[in-house]
Protein chains: 2
Amino acid sequence: PGRFFFSPMLFQIDHFGFAEDRTFKQRYLIADQHWKKDTGSILFYTGNEGDITWFANNTGFMWNVAEELGALLVFAEHRYYGESLPFGNKSYADAKHLNYLTSQQALADFAVLIQHLKNSIPGTETTPVIAIGGSYGGMLAAWFRMKYPHIVIGALAASAPVWQFDNLVPCGSFYKIVTEDFKKSGIGCSETIQNSWAAIKQKGLQWLSNTFRLCSPLKSTTDVINFREWLRETWIYVAMVDYPYEAAFLQPLPAWPVKVICKYLKNPKLPDRLLLQNIFQAVNIYYNYTGHASCLNLTQTTTKSLGLQGWSYQACTEMVMPMCSDGINDMFEPQKWDFQAYSEECFKTWGVRPRPSWIPIFYGGKNISAHSNIIFSNGGLDPWSGGSVTKNITDTLVAIMIPEGAHHLDLRSNNPLDPISVLQARLLEVHYMKLWLQQHKRVAKADHTSLRVS
Amino acid sequence: PGRFFFSPMLFQIDHFGFAEDRTFKQRYLIADQHWKKDTGSILFYTGNEGDITWFANNTGFMWNVAEELGALLVFAEHRYYGESLPFGNKSYADAKHLNYLTSQQALADFAVLIQHLKNSIPGTETTPVIAIGGSYGGMLAAWFRMKYPHIVIGALAASAPVWQFDNLVPCGSFYKIVTEDFKKSGIGCSETIQNSWAAIKQKGLQWLSNTFRLCSPLKSTTDVINFREWLRETWIYVAMVDYPYEAAFLQPLPAWPVKVICKYLKNPKLPDRLLLQNIFQAVNIYYNYTGHASCLNLTQTTTKSLGLQGWSYQACTEMVMPMCSDGINDMFEPQKWDFQAYSEECFKTWGVRPRPSWIPIFYGGKNISAHSNIIFSNGGLDPWSGGSVTKNITDTLVAIMIPEGAHHLDLRSNNPLDPISVLQARLLEVHYMKLWLQQHKRVAKADHTSLRVS
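Numbers given for residues are sequential positions, taken from 1 along each chain in its written order. Lettering for chains starts from A, numbering for ligands starts from 1, and both go in the order in which the items are written. Where totals are concerned, whole chains, interfaces and linings use all residues; where local detail is concerned, this predicted model gives features only for residues with pLDDT of at least 70, and gives and counts side-chain atom pairs only at 80 or more. In computing side-chain properties, one takes all heavy atoms of the structure into account and sets aside hydrogens as well as water.

J.: So what exactly am I meant to see when it comes to the overall build of chain A here?
T.: Helical segments are the DSSP runs of H or I of at least four residues, strand segments are the runs of E of at least two, and each set is numbered from the N terminus. When helices and strands are counted, chain A shows 15 helices and 10 strands. Considering only C-alpha atoms, chain A reaches an extent of 85 × 50 × 40 Å along its principal axes. Across the 454 residues in chain A, those meeting the buried criterion constitute 59%. When checking whether two residues touch, look at their non-hydrogen atoms; a contact exists if any pair is within 4.5 Å. Within chain A, residue pairs in contact and separated by at least 24 positions form 71% of the contacts whose partners lie at least 6 positions apart. For chain A, the centre of its 40 positive side-chain charges and the centre of its 38 negative side-chain charges are spaced 2 Å apart. For the exposure calls, accessible area comes from a 1.4 Å probe over protein chains only, and a residue counts as buried if that area is under 20% of its type's maximum, exposed if over 50%, partly exposed in between. Positive charges come from Lys and Arg, negative ones from Asp and Glu, while His and the chain ends are left out of the count. The atom standing in for a charge is NZ when the residue is Lys, CZ when it is Arg, CG when it is Asp and CD when it is Glu.

J.: Sorry, what's going on with the relation of the copies chain A and chain B here?
T.: Between the two copies of this chain, the relationship is a rotation about some axis together with a displacement along it. Copies overlap after least-squares fitting; the atoms used are the C-alpha atoms of residues with pLDDT of at least 70 in both. Overlaying chain A on chain B yields an RMSD of 0.0 Å, the required transformation being a rotation through 180 degrees with an accompanying axial translation of 0.0 Å. Here the two chains are linked by the operation of a two-fold rotation axis. When each C-alpha of chain A is compared by its distance to the rotation axis, A:Lys147 comes out closest, at 2.9 Å. Interface overlap between copies is the fraction of interface residues in one copy that are interface residues in the other; for chain A against chain B it reaches 100%, indicating a shared surface.

J.: Mind showing me how you'd approach the packing of aromatic side chains here?
T.: One pair of aromatic rings is described through two measures. These are the centre distance and the angle between the planes. The rule is short: rings of Phe, Tyr and Trp, with Trp giving its six-membered ring, pair when the centres are within 6.5 Å, and they are stacked under 30 degrees, edge-to-face over 60, tilted in between. One pass over the structure, following the stated rule, counts 69 aromatic pairs over all chains. Aromatic side chains A:Tyr148 and B:Phe362 sit 5.6 Å apart centroid to centroid with 85 degrees between the ring planes, which places their arrangement in the edge-to-face category. With A:Tyr148 in the loop between α5 (136-147) and β6 (154-158) and B:Phe362 in helix α14 (residues 358-363), the pair connects residues from two separate chains. Both residues of the pair, A:Tyr148 and B:Phe362, count as buried. Here B:Phe87 and B:Tyr100 contribute two aromatic rings whose centre-to-centre distance is 6.2 Å and whose plane-to-plane angle is 45 degrees, an arrangement assigned as tilted. Highlighted residues: B:Phe87 in the loop between β4 (71-76) and α3 (95-98) and B:Tyr100 in the loop between α3 and α4 (103-120), separated in sequence by 13 residues.

J.: Help me understand the pairing of strand β9 (residues 374-379) of chain B, please; the structure alone is not making it clear to me.
T.: For a regular strand, the rule is simple: side chains alternate between the two faces of the sheet. Residues and elements named next belong to chain B. Counting buried positions along β9 gives 6 out of 6 residues, so the element sits mostly inside the fold. The criterion for strand pairing is that DSSP finds at least two bridges linking the strands in question. Where strand β6 (residues 154-158) and β9 come together, 4 bridges link them in parallel fashion. If you follow Leu156 over to β9, its bridge partner there is Ile375.

J.: Can you help me understand unusual backbone geometry in this one?
T.: With glycine set apart, most residues show a phi of negative sign, and most peptide bonds adopt trans. Residue and element names in this part refer to chain B. The phi angle at Asp166 is positive, at roughly 45 degrees, despite the residue not being glycine. Classification of Asp166 by relative accessible area gives partly exposed; the value is 30%. Residue Asn373 is not a glycine yet carries a positive backbone phi of 55 degrees. Tracing the backbone shows Asn373 in the loop between α14 and β9. Using a relative accessible area of 5% as the deciding quantity, one classes Asn373 as buried.

J.: What should I look at first to understand the state of the cysteines in this one?
T.: All names here are of chain A. We call a pair of cysteine sulfur atoms a disulfide whenever their separation is within 2.5 Å. In the structure shown here, the tally under the stated rule is 8 disulfides over all chains. A disulfide bridge connects Cys189 with Cys262, and the sulfur atoms are separated by 2.0 Å. Taking the sign of the S-S torsion, about -80 degrees here, the bridge from Cys189 to Cys262 comes out left-handed. Taken together, the residues span a long stretch of sequence, with Cys189 in helix α7 (residues 189-202) and Cys262 in helix α10 (residues 257-262) at a distance of 73 residues. As far as burial versus exposure is concerned, Cys189 and Cys262 are alike and both buried.

J.: Is there a simple way to think about the nonpolar core in this case?
T.: Grouped burial of nonpolar side chains is what soluble globular proteins tend to show. Membership of the largest hydrophobic core comes to 308 residues, with the highest contact counts inside it found for A:Phe182, A:Trp235, B:Phe182 and B:Trp235. Not counting residues within four places of it along the chain, the set of residues in contact with B:Phe182 comprises B:Cys189, B:Ser190, B:Ile193, B:Trp235, B:Val238, B:Ala239, B:Val258, B:Ile261, B:Cys262 and B:Met331. In this description, a nonpolar core means a group of buried Ala, Val, Leu, Ile, Met, Phe, Trp, Tyr and Cys residues linked to one another through side-chain atoms lying within 4.5 Å.

J.: Looking at this structure, how should I read the environment of A:Ile393?
T.: Residues and elements named next belong to chain A. Tracing the backbone shows Ile393 in the loop between β9 (374-379) and β10 (397-402). Note: C-alpha distance between Ile393 and Ile368 (25 residues apart in sequence) is 8.3 Å. Ignoring any residue separated from it by four or fewer positions in sequence, one finds Ile393 in contact with Trp163, Ile368 and Ser369.

J.: Explanation requested: the domain arrangement of chain A in the structure shown.
T.: Residues and elements named next belong to chain A. Per the annotation, domain bounds derive from an automatic or database assignment of domains. The domain architecture assigned to chain A consists of domain 1 (5-166 + 360-451) and domain 2 (172-288). A C-alpha centroid distance of 33 Å is found between domain 1 and domain 2. Opposite the 20 residues of domain 1 that make contact, domain 2 presents 19 residues. Put simply, buried area is the surface a 1.4 Å probe can reach on two separate parts but cannot reach once they are joined, added for both. Across the interface of domain 1 and domain 2, roughly 1700 Å² is buried in total on both sides, 66% from carbon and sulfur atoms. Considering only the side of domain 1, the residues that lose the most area to domain 2 are Leu381, Pro383 and Arg412, jointly responsible for 35% of the buried surface there.

J.: Teacher, can you tell me more about helix α4 (residues 103-120) of chain A here?
T.: Think of an α-helix as 3.6 residues a turn; residues three or four steps apart then line up on the same face. An ideal rise of 1.5 Å per residue puts 26 Å on 18 residues; α4(A) measures up with 26 Å between its terminal C-alpha atoms. Most of α4(A) is tucked away: 14 of the 18 residues are buried. By this rule, a helix spans an expected 1.5 Å times one less than how many residues it contains.

J.: Sorry, what's going on with the pairing of strand β5 (residues 129-134) of chain B here?
T.: Residues and elements named next belong to chain B. The element β5 is largely enclosed, with a buried count of 6 among its 6 residues. The pairing of strand β3 (residues 41-46) with β5 spans 4 bridges and is classified as parallel. Each residue of the ladder has a partner; that of Tyr45, found in β5, is Ile132. By the bridge criterion, 5 bridges tie β5 to β6 in an arrangement that is parallel.

J.: Just to check I follow, could you spell out the pattern of salt bridges for this structure?
T.: Oppositely charged side chains may form a pair once their charged atoms are brought near each other. One side-chain nitrogen of Lys or Arg within 4 Å of one carboxyl oxygen of Asp or Glu is enough to make a salt bridge. Enumeration over the complete set of coordinates arrives at 26 salt bridges over all chains. One salt bridge in this structure joins A:Lys201 and A:Glu333, with 3.4 Å as the shortest N-O distance. In this pair, A:Lys201 sits in helix α7 while A:Glu333 sits in the loop between α12 (308-315) and α13 (339-350), placing the two residues 132 residues apart along the sequence. Under the relative-accessibility criterion, A:Lys201 is labelled exposed at 53%. Of the charged contacts in the structure, one is a salt bridge between B:Arg22 and B:Glu20, with a shortest N-O distance of 2.8 Å. Since its relative accessible area comes to 13%, B:Glu20 is described here as buried. Taken together, the shared-partner salt bridges in this structure form one network comprising A:Arg27, A:Asp51, A:Glu77 and A:Glu83.

J.: How should the packing of helix α7 (residues 189-202) of chain B against helix α9 (residues 221-240) of chain B be read in this particular structure?
T.: Two quantities define a packed helix pair, namely the angle between the helix axes and the distance between the axes. Residues and elements named next belong to chain B. A fitted line through C-alpha atoms serves as each axis, taken over the contacting stretch for helices, and the angle formed by two N-to-C directions is quoted from 0 to 180°. With their axes 11 Å apart at the nearest point, α7 and α9 run at an angle of 165 degrees to one another. The angle between the axes of α7 and α9 places the two elements in the roughly antiparallel class. Judged by the twist between their axes, the crossing of α7 over α9 is right-handed. Contacts between α7 and α9 involve Ile193, Trp197, Ile200 and Lys201 on the former and, on the latter, Val224, Phe227, Arg228, Leu231, Arg232 and Trp235. Put simply, Ala, Val, Leu, Ile, Met, Phe, Trp, Tyr, Cys and Pro go in the nonpolar bin, Asp, Glu, Lys and Arg in the charged bin, and everything else, Gly too, in the polar bin. Of the residues that constitute the contact of α7 with α9, the class distribution is 7 nonpolar, no polar and 3 charged. When an angle is under 35 degrees it counts as roughly parallel; over 145 it counts as roughly antiparallel; between 65 and 115 it counts as roughly perpendicular; any other value is oblique. Left-handed is the label given to a crossing in which the near helix is rotated counterclockwise from the far helix by less than a right angle, and right-handed is the label when the rotation is clockwise.

J.: Please clarify how the interface of chain A and chain B should be interpreted in this entry.
T.: How big an interface is tends to be expressed through the accessible area that disappears when the partners come together. Every contact between the two is made by 39 residues of chain A and, on the other side, 39 residues of chain B. Interface area lost by chain A to chain B is led by A:Phe16, A:Phe18 and A:Arg355, which between them contribute 27%. Counting across the interface, chain A meets chain B through 2 salt bridges. With a closest N to O distance of 3.0 Å, B:Arg355 and A:Asp21 form a salt bridge. N or O atoms within 3.5 Å of each other form a polar contact, as long as, within protein, one can give a hydrogen and the other can take it, and as long as residues adjacent in sequence are counted only when both atoms are side-chain atoms. Linking chain A with chain B are 19 residue pairs in polar contact (both at pLDDT 80 or more), by the criterion used here. At the level of secondary structure, the elements contributing two or more residues to the side of chain A that touches chain B comprise α3 (95-98), α4, α5 and α14 (358-363) of chain A. Looking at the side of chain A that touches chain B, its residues break down into 18 nonpolar, 12 polar and 9 charged.

Encoded structure:
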């Protein structure tokens, strides 16, 4: 969307302990073409689980509003993702090397980076900073404002499921919203998917492997379990990126991809064989819209820019988000939330045990009304909206709903096909940011006046 | 002051990482004789660098106001002090074992403990909690409110030098206030101390050792440097505990100990020998008011209940408080703040390097106006008042000055000899706490009403 330059900076590997005193290079991007030195602002993207250049290229909103806010844009890469690897190619070697991959360390990186920028870029010393992020990055933006209100004057937390923890929301809401998206997008669509699970059980490994053009044929019952999980994830991902125009966020996709997919899933009563062939056509939209894929790969469900490995570790430590399905209110196979099994799996994979109550204890759960200046924006089509803040908490902790929006649509570039609701949301977001900036200017001026008087 | 019961609880050794998954027993004290189950409150003492029973016995204020506030009293011991040792007697073995001794870990302990109490003591689920602490514990109380406003509705931070970091206040203010205390307490007093430093240099090791009845005679130039440091610390400590009545906080002492000491230090023009003999008489008040000591010990400057070792480590990591003296505005030998030397000394002693900007970056430095409901109380005689908040920041971040008060006098039990200023301060503190409790009740009621309406 615009030119920016890379910059690495040295950070403590461990902000919260002193035995590990080494530093590492963290990457951040800066774009200053719209920055107004004295009257402007800094929009700070709180990087999430992936390559920061990819996020910067998918956060056109910041570029679109930069001129209006005279903003310096900063995109900070989250540690352990992209090129910001604390221990180089050993960063993921074991639990010891992964020990510094936490949200607290990431927020501390952001705080230190902003301090560094203010000390090193002339004219930024007193420039107000606004945090912006989406998804996990949206949680980070909100938490950054909560924990470091002296560093950011406000935060836009787009599609940030800050309440998808412990028992703050029902564990079934996520799959229910995915299902609703498919239900809304075509007659028979969710029912076809619902019926596919039983159909799969009737079919042999060979047949499934051929029909779904899998790169590695299924060889065992475990493989079939993974295959069904892969299908489940596919439906989730396509619901998340159900954008109103052609886009390539998780995968290159047509406009309204769920609708396109549902065209293949109109008849839930078909015999297993035909039903599953249709399911393949649907899945093929998500994995092969470009037509370049010669086979489908169960292990690569999204763009490589997303750090699925790192997120798997984070989900096994802090980011424990209980999910469940019942097959009645949703189109998925019934699956209870089984923390014990989850914990065992985490221990097997990463050698760590999750701590499910830590995030609510540390960040406040539903009891966050003491904070201020946070916008929680949500897409009505986004499965994550079920775990997010969808109603105003106070005058300054506000929620914005975008009924036609998928996962943080509001953070994307303006597009002629944008529904009105997202245009309104963006206007409202800018309105709040301007309020924060005015408020900041008033307070700064008052401080200055009282300094001169006294 | 009242009966209480001990209780240990298991805490994560590392709240901020998952590779170390072991737990340890932390001690806390509870007193429930004044607790009113439905209408009451919890007063939570954020333990600082020492044995929690000693602090509980020196925080009579909490016992005095317990009935009025229907309060359950909780005194939480700070990790690595008293009996709350994460690795038992190996806790201080090396930098690796000490790695979890940080303010962030301590605050997380407090948060988890309060969550645990609310889950386990029937009737406390919605009871509002107020944090109370003095000195480093006062910083913890303030920081606890800043970082966990969802857990404590407010904080009383008594004599909490939250600004004694980096270059937030002049490094000389601390020694200047010590000097003023001695100046105010007797003619010739501060001058006598000022002249003692040169006098010491004129005297031999043997003579000094005998005159000051040292348990271990001075043997080297390093020993004399330590001797002078010991004297310096003595003056600091006695200024800190310059209470209006007989008390035994750091040492058993008479009422207004600085005045008592200054009776021996009226004549700064005496020959070195006589001047130093008077200095000994003065020092002997601090170390031997009971008359039981047969000799003076350079290595034990205060009660053993204070964890000087742990504090030395904390001062070498997070708690870097720049101090300097110039011998003009204070009675001490001129000593610049030399961070490099300080850092080297820390590395030699503990194998760690201090990070002097971390505390201001993490806790906000002087930019804390986004927070609310914190009382910063200060004693005019307390050297630490120079690094504390002594003026209101907002309507809800308020400062209280106690001109005749030494180090957190307001937290001590009521005493017939209390100056009016501390009685007024305590009344004001209770007034603010009641405001917070009323505010909390209003909000809770409003939430309840809106829940019933919707």
